[in-house]
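This is what each chain is made of:
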Amino acid sequence: MKTFKAVLFTKEDCLPCTLTKDHLNTLLSFTPDFSEHISVLQQENHKALVAAYTLELFPTLMLVDSDGEELGRLIGGKSIREDLRGILYALRTVNSWG
């Protein structure tokens, strides 16, 4: 069974990245089980993945399947913060169908 996950790529010294991670932490404080459906990776620590997915702007939220295949991406802190709760809710729902 395929599962789906969000991966938030951030960068050091990036204000939109920091704001987005803070927003995520707030969401997780109210809905801890969302943490099963998202990973946060810092660009500086995952250069091979950043290159493989051709990521140039941060923060970037990618949706991937269990094989690592990209299903979509959202770029920019404001866009990600506006949609993050809905995305995590949808991932939780879809991943529970198995």
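Let me begin by describing the structure that accompanies this report. All residue numbers refer to position in the chain's written sequence, counted from 1. Given that this is a predicted model, residues contribute local features only at a pLDDT of at least 70 and side-chain atom pairs are listed and counted only at 80 or more, while totals for whole chains, interfaces and linings are drawn from all residues. Side-chain numbers here rest on the full set of heavy atoms in the structure, without hydrogens or water.

## Thoughts on the pairing of strand β2 (residues 38-42)
Next, step 1: A pair of strands is considered paired only if DSSP assigns at least 2 bridges between the two. Only DSSP runs of H or I covering at least 4 residues are called helices, and only runs of E covering at least 2 are called strands; the numbering of each starts at the N terminus. In the sheet, strand β1 (residues 4-10) pairs with β2 via five bridges, with the strands oriented parallel. Within β2, the position partnered with A6 by the bridge is I38.

## So, the environment of D13
Next, step 1: When you line up the elements, D13 lands in the loop between β1 and α1 (15-30).
Next, step 2: Residues D13 and M62 lie 49 residues apart in sequence; the distance between their C-alpha atoms is 20 Å.

## Observations regarding the packing of α1 against helix α3 (residues 77-95)
Next, step 1: Put simply, α1 and α3 touch, their axes get as near as 9 Å, and they point 20 degrees apart. With respect to their mutual orientation, α1 and α3 come out roughly parallel. At the point where α1 passes α3, the crossing takes the right-handed sense. Across the interface between the two elements, P16, L19, T20, H23, L24 and L27 of α1 pack against G77, I80, R81, L84, R85 and L88 of α3. Every angle, taken between N-to-C directions, lies between 0 and 180 degrees, and every axis is a line fitted to C-alpha atoms, over only the stretch in contact when it is a helix. Under this scheme an angle from 65 to 115 degrees is roughly perpendicular, one under 35 degrees roughly parallel, and one over 145 degrees roughly antiparallel; angles in between are oblique. Crossing handedness follows the turn of the near helix against the far one: under a right angle anticlockwise gives a left-handed crossing, and clockwise gives a right-handed one. Only heavy atoms matter for contacts: two residues are in contact if any of them lie within 4.5 Å across the pair.

## Here's the deal with α1
Next, step 1: An expected span of 1.5 Å times one less than the residue number is assigned to each helix. For α1, with 16 residues, the first-to-last C-alpha span of 23 Å sits near the 22 Å given by 1.5 Å per residue.
Next, step 2: Among the residues of α1, C17, T20, L24, L27 and L28 are the ones counted as buried. For α1, the angular spread of buried residues about the axis comes to 95 degrees, placing them on one side. The exposed residues of α1 that point more than 90 degrees off its buried face are L15, S29 and F30.
Next, step 3: If you follow the buried residues of α1, they end up packed against β1, β2 and α3. Throughout, exposure labels follow a simple rule: accessible area from a 1.4 Å probe, protein chains only, divided by the maximum for the residue type, with under 20% read as buried, over 50% as exposed, and the rest as partly exposed. Read the arc as the range of directions from the helix axis to the C-beta atoms.

That's the geometry; what it means functionally is another story.
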